[in-house]
Amino acid sequence: MKITILGAGPAGLYCGLLLKKANPAHEITIIERNPPDATYGWGVVFSDRTLAAFQEADYKSYRAITGRFVLWDAIDTYYRGELVRCGGHVFAGLSRKELLGILQARCRELGVALQFHTEVPDLAALSEFDLLIAADGVNSLVRRAYEETFKPRLVPGTARYVWFGTDKVLDAFTFIFRENEHGFFQVHSYPFSGTMSTFIVECDEETWRRAGLDTASEAESIAYCERLFAPELGGCHLYPNKSSWISFVTVKCATWRRGNVVLLGDSAHTAHFSIGSGTKLAMEDAIALANAIEQHPDLTTALAGYEMVRRPVVETLQAAAAESQAYFEGVRRYSRLEPVEFAFNLLTRSRRISYDDLRLRDPRFGELVDRWFERHYWAHEHKRVYSLIAPAPMLTPLALRGLTLPNRVVFSPGAALTEPAPAEEGTPALAYALEAVCLAQEGAGLVLTEPVAVSAEGRVTPDDNGLYRPEHVRAWRRITHALHDQTSACIGVLLSHAGRRGATRPRREGLDRPLRAGRWPLIAPSTLPFASTSQLPRALDRAGMDAVRDDFVRAARLAAEAGFDLLALHMGHGYLLASFLSPLVNRREDEYGGSLENRLRFPLEVLDAVRAAWPAKQPLAVALTVDDCCPGGLTYTDAVAITRTLAAHGCDLVVPLAGQTVPDAGPTYARGFLTGYAERLRNDAEILVLVGGYLTTTNEVNTLLAGGRADLCLMIPPAAPERAAGERLAAVSAPVAETASAARPTVAPDTVERGGGVAGAGGSGGRRPRTMAAASQHGGAMTQHDGEGK
Amino acid sequence: MQVGVGLPTTIPGTRGDVVLDWARRADAGPFSSVAVLDRLLYDSYDPLISLAAAAGATTRVRLATLIVIGPLRNPALLAKSAASLDALSGGRLTLGLSVGARHDDYEAAGVDYRTRGKRLVEQLATFRDHWEDERIGPAPARPGGPELLVGGLTDAAYARVARYADGYVHNGGPPRAFARAAERVRAAWLDAGRPGKPRLWGQSYFALGGEAAAEAGTAYLRDYYAFTGHFVERIVAELLTTPQGIAQLIRGYAEAGCDELALFPATSDPSELERLADVITSLAGTVTLPAPVTAAPSAQPFVGAPIGHPHAGRPGRGKDSR
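All values reported here derive from a predicted model rather than from experimental measurement.

### Some remarks on the overall build of chain A
Across its full length, chain A holds 26 helices and 30 strands. For a compact globule of 790 residues, the expected C-alpha radius of gyration is about 28 Å, and chain A comes in at 31 Å, within 12% of that figure. By its C-alpha atoms, chain A is 95 × 60 × 55 Å across when sized along the principal axes. For chain A, with 790 residues in total, the buried portion stands at 53%. A separation threshold of at least 6 residues defines the contact pool for chain A, and within that pool the share at least 24 residues apart is 73%.

### A few points about the nonpolar core
Formed by 331 residues in total, the largest nonpolar core has its most connected members in Cys15(A), Leu264(A), Leu495(A), Ala568(A) and Cys713(A). Once you skip the residues sitting within four places of it in the chain, Cys15(A) turns out to touch Ile5(A), Ile133(A), Ala135(A), Leu264(A), Ala286(A), Leu289(A) and Ala290(A).

### What about the packing of helix H10 (residues 278-295) of chain A against helix H11 (residues 299-329) of chain A?
All names here are of chain A. Across the interface, H10 lies against H11 with an axial gap of 8 Å and an inter-helix angle of 155 degrees. In terms of their interaxial angle, H10 and H11 are classed as roughly antiparallel. Here H10 runs over H11; the crossing is right-handed. Across the interface between the two elements, Leu281, Asp285, Ala288, Leu289, Ala292 and Ile293 from H10 touch Ala302, Gly305, Tyr306, Val309, Arg310, Val314 and Leu317 from H11. Of the residues belonging to the contact of H10 with H11, the class tally is 10 nonpolar, 1 polar and 2 charged.

### Side note on the interface of chain B and chain A
In this assembly, 27 residues from chain B lie in contact with 27 residues from chain A. Of all the elements in the fold, those that place two or more residues in the side of chain B that touches chain A are helix H5 (116-133), helix H6 (155-164) and helix H7 (175-191) of chain B. The element contributing the most residues to the side of chain B that touches chain A is H7(B), with 7 residues. When its residues are assigned to classes, the side of chain B that touches chain A shows 12 nonpolar, 6 polar and 9 charged.

### Quick word on the environment of Phe184(A)
Position of Phe184(A) relative to the elements: it lies in strand E13 (residues 183-191). Not counting the four nearest positions on each side in its chain, Phe184(A) is found in contact with Glu179(A), Cys203(A), Thr207(A), Val331(A), Arg332(A) and Ser335(A).

### Re the sheet that holds strand E4 (residues 70-72) of chain A
One key point about sheets: their strands pair by backbone hydrogen bonds, in either a parallel or an antiparallel sense. All names here are of chain A. Ordered by their spatial adjacency, 3 strands build an open sheet running E3-E7-E4, and the pairing between neighbours is antiparallel. The open sheet has two edge strands with one neighbour each: strand E3 (43-46) and E4. With direction set aside, neighbouring strand axes in the sheet form an average angle of 30 degrees. Direction of pairing for E4 relative to strand E7 (residues 91-95): antiparallel, over a ladder of 3 bridges. Bridging across to E7, leucine 71 finds its partner in alanine 92.

### Here we look at the sheet that holds strand E11 (residues 159-166) of chain A
Residue and element names in this part refer to chain A. If you trace the 7 strands from one edge of the open sheet to the other, you get E6-E5-E12-E13-E14-E11-E15, paired in mixed fashion. Edge positions in the sheet fall to strand E6 (82-86) and strand E15 (238-239), since each has one partner strand and no second. In terms of strand pairing, strand E5 (residues 75-79) meets strand E12 (residues 173-180) through 4 bridges, oriented parallel. Paired with aspartate 76 across the bridge in E12 is threonine 174.

### Thoughts on the environment of Gly285(B)
Within the secondary structure, Gly285(B) sits in the loop between helix H11 (270-282) and helix H12 (317-321). C-alpha separation for the pair Gly285(B) and Gly193(B), spaced 92 residues apart in sequence, amounts to 33 Å.

### Let's talk about helix H16 (residues 430-441) of chain A
Residues and elements named next belong to chain A. The end-to-end C-alpha distance of H16 is 16 Å, a good match for the 16 Å that 12 residues give at a rise of 1.5 Å each. Of all 12 residues in H16, 11 are buried; the element is thus mostly enclosed. Within H16, the full set of buried residues consists of Leu430, Ala431, Tyr432, Ala433, Leu434, Glu435, Ala436, Val437, Cys438, Leu439 and Ala440. One or two steps after H16, the chain reaches glycine 443, where phi turns positive at roughly 120 degrees.

### Thoughts on unusual backbone geometry
Note the cis peptide between Leu66(B) and Ile67(B), where omega equals 10 degrees. Along the chain, the position of Ile67(B) falls in strand E3 (residues 62-69). Here the bond from Gly137(B) into Pro138(B) is cis, since omega is -5 degrees, no more than 30 degrees from zero. Of note in this structure, Arg401(A) is not a glycine but carries a positive phi near 50 degrees. Mapped onto the fold, Arg401(A) is located in the loop between strand E19 (398-400) and strand E20 (403-405). Non-glycine residue Gln660(A) carries a positive phi angle of around 65 degrees.

### Points about the confidence of the model for chain B
Residue and element names in this part refer to chain B. When the pLDDT values of chain B are averaged, the result is 89; 90% of them are 70 or greater. Throughout residues 295-322 the model reports pLDDT below 50, and contacts reaching past four residues in sequence, or to other chains, amount to 36 contacts. Scored by ipTM, the complex comes to 0.86, with pTM at 0.87.

How each quantity is defined
- Residues numbered from 1 in each chain as written.
- Chains lettered and ligands numbered in written order.
- Predicted model: local features only at pLDDT ≥ 70, side-chain atom pairs only at ≥ 80, totals over all residues.
- Helix = DSSP H or I, 4+ residues; strand = E, 2+ residues; numbered from the N terminus.
- Rg over C-alpha atoms; globule rule 2.2 N^0.38 Å.
- Buried ≥ 20, exposed ≤ 12 C-beta atoms within 10 Å, placed from the backbone.
- Contact = placed C-beta atoms within 7 Å.
- Core = buried A, V, L, I, M, F, W, Y, C linked by C-beta atoms within 7 Å.
- Axes fitted to C-alpha atoms, helices over the stretch in contact; angles between N-to-C directions.
- Parallel < 35°, antiparallel > 145°, perpendicular 65-115°, else oblique.
- Left-handed = near helix turned anticlockwise from the far one by under 90°.
- Nonpolar A, V, L, I, M, F, W, Y, C, P; charged D, E, K, R; others polar.
- Pairing = 2+ DSSP bridges.
- Expected span 1.5 Å × (residues − 1).
- pLDDT = per-residue confidence, 0-100.

In structure tokens:
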């Protein structure tokens with residue numbers, strides 16, 4: 001086969017040599033516009049796995065490459081003048097020039113024709129070929145020539161960066177973050193030879209302009225950066241190599257092949273340099289393409305096979321690169337984090353490395369993180385200077401006003417139940433009560449209820465829990481009493497009004513299906529139904545708003561009476577307060593609609609009234625939709641402004657939610673689907689954040705907490721058989737029932753006091769956990785609610 | 001986890017009596033369900049009519065569409081067919097719905113491919129009302145009508161499960177692919193505040209009769225999935241050809257939280273069913289086997305209790321039938 005390869009970078013050279021080695025009959029020509037010793041950039045990095053692939057593909061070049069390697073296993077982070085080191089990350093790098101030299105030599109040895117100094121102005125200028133491999137880089141001529149087939153999408157990043165070399169000898173992958181009068185800069189630097197290191201400087205566009213780097217010459221840029229990073233460079237210098245400030249362009253193509261033409265490496269796809277994978281991906285492409293051509297005599301099948309093998313790998317890596325790129329482009333938002341958590345956040349930015357991974361890679365660093373976390377977020381307030389023995393971040397207590405949560409893990413009873421536990425006229429079911437106490441027994445720091453209606457009309461379905469009648473208070477009180485009596489956990493109530501999503505059937509039958517009988521009238525900011533099949537709501541007038549506000553206030557008072565420690569207001573998921581916030585739902589033309597300030601007015605009135613009614617020592621949270629996930633809806637930017645206002649009005653904690661404002665518009669559901677919002681909100685709006693979004697492992701929780709992404713995590717407990725349903729419920733059913741029977745006939749006046757008092761005194765560090773042995777002797781009588789279903 | 005078996009309704013040239021006999025034997029075997037696929041432009045049987053025939057040939061197994069391409073069909077007529085099948089079978093229907101993946105089926109049915117999502121949502125949103133209203137009778141065998149599943153690998157599919165359905169059907173693949181999709185479904189389910197758990201169904205292909213069967217099965221899969229282009233090689237690579245392969249897949253799916261796994265034949269040789277029955281019976285620890293069928297088939301219909309089948313595997317059946 002006559003094969004023409006455009007571009008003598010690592011991808012083109014490697015593919016040429018592998019094809020020639022597999023079949024010496026191939027006539028292979030590699031065409032390159034530059035001279036053989038010209039190279040853009042400095043060093044390249046490879047991982048263990050890539051090296052194993054090199055070893056299998058061509059042992060000779062593998063030996064030559066590894067012979068030139070510089071190895072290191074640490075990542076250093078310089079930030080606010082402090083250095084945080086983390087070991088155990090194996091990297092290998094070499095100079096790009098050396099790599100090209102090795103591959104060129106190997107090509108010549110095998111008989112691949114190399115034509116340097118050859119400009120190809122257009123494809124017609126090429127002599128005939130059976131296969132054209134476009135390894136001509138990010139600005140690929142071939143890709144541009146066949147744009148209608150490849151359908152490339154080129155997305156430039158918002159940051160500017162420049163490649164330098166430095167004679168500073170590094171013993172680690174080194175990140176440097178520096179803020180000056182012009183803005184925020186970061187450096188990605190790593191060794192690639194015994195004497196030189198790559199030194200990439202990056203900053204946002206504004207910073208770049210303010211610093212005058214947009215008009216600076218190469219020498220001026222170097223002078224600026226040498227001054228800026230003088231402490232870390234320690235007298236060493238930066239060196240240029242066609243160094244200009246550019247934006248990183250992410251390339252994605254609909255397909256990588258067109259007849260006998262195929263894209264390879266950067267011409268097909270790019271991935272942000274911060275995960276150091278461009279050369280790796282390109283050379284892995286080369287291996288896959290050479291293998292496919294060797295395996296399939298038919299070229300069409302071979303090229304299809306190449307793309308099928310590579311596309312998922314490339315897309316996964318591009319996704320990780322995009323996360324990493326977004327991190328660096330928005331890194332300024334983390335500038336309020338302390339050095340240890342900043343470094344931890346940096347190391348775990350792509351979500352591929354977790355708390356457990358880091359503990360395994362560098363136990364010393366793991367200990368450092370635990371100790372630092374405990375000291376900074378807890379012991380600090382108790383005048384302890386240093387903690388020798390620290391728990392994992394999730395087991396570190398959290399102080400919220402006068403309340404102390406014994407740890408940072410939150411569970412909700414409804415998500416833990418395997419069977420529906422319908423309330424009776426708003427009174428929580430026994431199964432729900434038992435689950436709440438059980439979760440506390442099993443280690444929850446906070447048990448947070450699902451939405452609890454502030455009025456009968458505020459219920460979403462007739463099965464919903466409520467807090468608007470005396471019997472509701474009695475039922476909740478027996479839960480909070482049992483929980484406080486037996487554990488050091490706290491319990492919070494999420495107060496809600498369903499708004500236009502009300503009067504629907506129980507959720508086990510699906511969402512938002514209007515009740516057939518026994519409907520009640522709905523209210524909303526405007527007369528718009530939730531779905532086409534939904535009941536039409538009435539637009540709230542001022543009197544109606546007063547009534548709703550008063551319902552929330554009454555519920556807040558009842559919540560204090562019932563012994564709840566924390567109160568949360570539901571401003572999410574398209575319920576009443578959320579629907580005021582969303583421009584999709586709120587079409588009012590009075591002072592409660594239109595601008596964000598107006599849309600926030602009524603929810604804020606409710607918050608103010610509730611805050612005034614709720615004990616000052618006890619914390620108040622808001623569950624807030626931070627993205628309607630729908631064009632024209634509430635956006636994250638709105639949510640930051642809303643959150644700041646909520647905080648100013650006494651909100652201590654935000655629980656970010658997404659979607660459900662309108663039907664069939666929501667987030668991309670996956671493990672941790674809310675953590676991106678939580679992380680940004682916590683650092684942009686500077687507020688404590690409780691994050692859910694399907695977290696099921698303590699590793700996820702610790703990773704979020706230690707990286708400064710959240711303060712509390714809502715976990716989904718594992719299902720049976722890990723939790724032996726019958727036994728655990730038997731252990732709490734008796735005391736819950738006892739408290740129930742004690743609480744029902746005579747409401748002891750002091751219980752109300754105790755409810756508030758217990759919570760108020762929480763700052764002292766928690767209550768006595770009591771063993772369940774005695775109580776469980778009476779157990780078993782109520783286990784019919786244990787949700788046995790298997 | 002329960003294990004069901006597919007009927008060979010999409011294997012070209014399979015005679016009607018072979019399909020019915022297959023269903024009958026499955027009913028007598030260790031399977032919890034018989035399942036069918038859907039495709040219009042192919043030498044295959046209609047899924048609901050196949051299951052209706054299977055209903056007459058069986059007394060016990062659930063009857064599952066994995067899936068039926070809802071948008072190809074008139075919503076009211078499909079609601080009627082499903083209600084009828086459910087009532088005629090004593091509540092044994094599990095109705096899996098999805099948009100399918102083939103433009104040509106839509107063209108042939110005269111339905112605009114671009115409206116598929118909207119049409120599916122319309123069906124999901126109205127079927128239960130139709131069934132309850134009994135304007136489109138017959139009355140469902142259980143309140144709310146047959147178990148409703150949604151299939152697919154898109155964000156929209158996961159959200160639709162949480163909003164409208166009882167559970168999810170995965171398209172097939174290795175356990176970790178199933179596990180990823182299952183996580184997404186659960187995340188959507190919990191976010192919607194649905195109580196309990198979504199029912200999770202998986203599926204895979206098998207050909208256990210040695211090399212010849214594997215070859216025939218491969219040829220069938222290459223043909224059936226030719227429209228997927230090169231991806232067909234992946235489907236072929238996942239064809240289960242040994243008891244070990246089946247055991248591992250079952251373990252992986254069970255660990256990923258699958259409630260019911262349907263194993264589809266890649267050839268319609270009836271001996272395949274016997275081989276699979278032996279393997280499944282031998283996996284009694286992992287698989288929940290149906291209760292042994294007692295003497296005369298009871299006149300009382302099996303009114304579906306897909307979750308609460310109160311029996312564990314009975315050891316000893318596998319060896320005896322070998």
